[in-house]
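Chain by chain, the residues run as shown.
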Amino acid sequence: MDELLKFRAQSISKYVDYVKSIIEYVRSYGDRGLIELTAKFDDVLLKDVVVSYDELESIANLLPEDVRNSIDVVYNHLTSFNEYFKPKDSFVVYDGLRLGIMWKPLSSVGIYVPRGLKTYPSTLLMAGIPAKVAGVSRIYVASPPKKDYIVDPAIAYLAIKLGVSKVYCVGGPQVIAAMAYSTESVDRVDKVVGPGNVYVQVAKYLLQGVVAIDGVEGPTELVVLADDSADPDEVVLDMRAQAEHGKSSTIVLISDSDKLVSIVESRLGSDEHTYFIFKVRDVEEGMELVNKLAPEHLSLHTSKNYELLSMVLNVGAVSLRTPSAIIDYLGPNHILPTNGLARFRGALTIYDFMKTVVVAEGRPKKELLDATTSLAKYEGFKLHSDSIGVIYGRT
């Protein structure tokens, strides 16, 4: 276990000063700073940090029809799911008071979509759709440019489909800073969401408070909890699929089956990726270990899946005899807490793009009035007590 925790640990402290310097450069030089940093880090000389609508359309038209159709199918699926869970305003009359909670969308959101050797339209689907269904009026997308396309065709197509306000062809901590503070072309937003490399995550960490964030995320994590009923082929493929995210991904098997452990060890032995395998007394003990690890993904391959599901405390997402990769594309969402943050955070959902406004109206019953004025006086707020008494005709 110590070896696993050491492998999983990712300290951001050594990046803080460097990212701070980038943030301050953007604050000082605005668009010019973004263009200079993009030339330095991405080797792309930008004319403008905003992709025009005409250019978006032109790039989107390059997207193969089969990919376009796939995006449409997934888009419709995720839209229906998020509409189902959209919260409704609710009011209740209780002890003479009408109390309520209203749900309001955030005004503006910035979505960061990484772009390394690959591109990730699924990230824009997972963040853009709940934001749109929530009613966010201004959605912005930022993604690093490449020399072939200033923005990936799939991102361009999806940005148009979502009706985003602007697309920024800038990546890294510099664009997080720009969306937090604004520049000549980049609008300030209320919240920034989306995955990214350690520099992007450190920028989010440093700027939280200036702008809201979804979380500070690390590499992908998967824990497979399996027993004798598990299909070894499915377990191995599930693990290898998540390892595809990169060598820093944390991939773990926990099992009470000697046979399964032996098979999985033999099949993964030739892989370059580092896997961790733990033998436990039973799956219940395995579930205790899962909750201690608080992983991003948990994949259950046991004969007690639903019983174990009720024991889940600290997990970002759970799949039951279902490939964990399904969550990456069909939801509920693949923007999930890592590095043990599932202890107090959950997946990105429509609720992350909304806020509550509480409402009160009415005349509390006498017992509550007396208790309220008494409590206000105790706290030293005489005028609070007087205002309540006067308004309700009491002295």
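Because the structure is predicted, anything quoted here is derived from the model rather than measured.

Trainee: Looking at this structure, how should I read the overall build of the protein chain?
Mentor: When helices and strands are tallied, the protein chain shows 15 helices and 13 strands. Residues counted as buried form 48% of the 395 residues belonging to the protein chain. Put simply, 73% of the contacts in the protein chain that link residues at least 6 apart link residues at least 24 apart. When the accessible area of the protein chain is evaluated, it comes to approximately 19,500 Å², of which 53% is carbon and sulfur surface. Side-chain charges of the protein chain comprise 42 positive and 51 negative groups, with the mean position of each set lying 7 Å from the other.

Trainee: Sorry, what's going on with the pairing of strand β2 (residues 97-105) here?
Mentor: Each regular strand carries side chains that alternate between the two faces of the sheet. In this sheet, β2 lies alongside strand β1 (residues 90-94) in antiparallel orientation, the contact comprising five bridges. From the neighbouring strand, F91 faces β2, where its bridge partner is G100. In this structure, β2 lies alongside strand β13 (residues 354-362), joined through nine bridges in antiparallel fashion. Residue pairing across strands places K104 opposite K355, the latter belonging to β13.

Trainee: So what exactly am I meant to see when it comes to the pairing of strand β9 (residues 250-255) here?
Mentor: With respect to burial, β9 is a largely interior element, six of its six residues being buried. Neither face of β9 is left uncovered, since the one carrying T250, V252 and I254 and the one carrying I251, L253 and S255 both have all their residues buried. Where strand β8 (residues 221-226) and β9 come together, six bridges link them in parallel fashion. By the bridge assignment, L225 is partnered in β9 with I254. The parallel pair β8 and β9 is bridged by helix α9 (residues 232-243), and the resulting crossover is right-handed. Pairing between β9 and strand β10 (residues 275-279): five bridges, direction parallel. Across the sheet, L253 pairs through a bridge with I277, a residue of β10. Handedness of the β-α-β unit built from β9, helix α10 (residues 258-268) and β10 comes out right-handed.

Trainee: Just checking my understanding: could you explain the pattern of salt bridges for this structure?
Mentor: When the charged atoms of two side chains with opposite charge come close together, those side chains can pair. Scanning the entire structure with this criterion turns up 20 salt bridges. Of the charged contacts in the structure, one is a salt bridge between D258 and K279, with a shortest N-O distance of 3.6 Å. With D258 in helix α10 and K279 in strand β10, the pair connects residues that are 21 residues apart, well separated along the chain. Overall, K279 belongs to the partly exposed group, its relative accessible area being 45%.

Conventions used here
Residues numbered from 1 in each chain as written. Predicted model: local features only at pLDDT ≥ 70, side-chain atom pairs only at ≥ 80, totals over all residues. Heavy atoms only, no water. Helix = DSSP H or I, 4+ residues; strand = E, 2+ residues; numbered from the N terminus. Buried < 20%, exposed > 50% of the residue type's maximum accessible area, 1.4 Å probe, protein only. Contact = heavy atoms within 4.5 Å. Areas by Shrake-Rupley, 256 points an atom, 1.4 Å probe, with all protein chains shown as cover. Lys, Arg positive; Asp, Glu negative; His and termini not counted. Charge placed at Lys NZ, Arg CZ, Asp CG, Glu CD. Pairing = 2+ DSSP bridges. Right-handed = clockwise from strand over helix to strand, strands pointing away. Salt bridge = Lys/Arg side-chain N within 4 Å of Asp/Glu carboxyl O.

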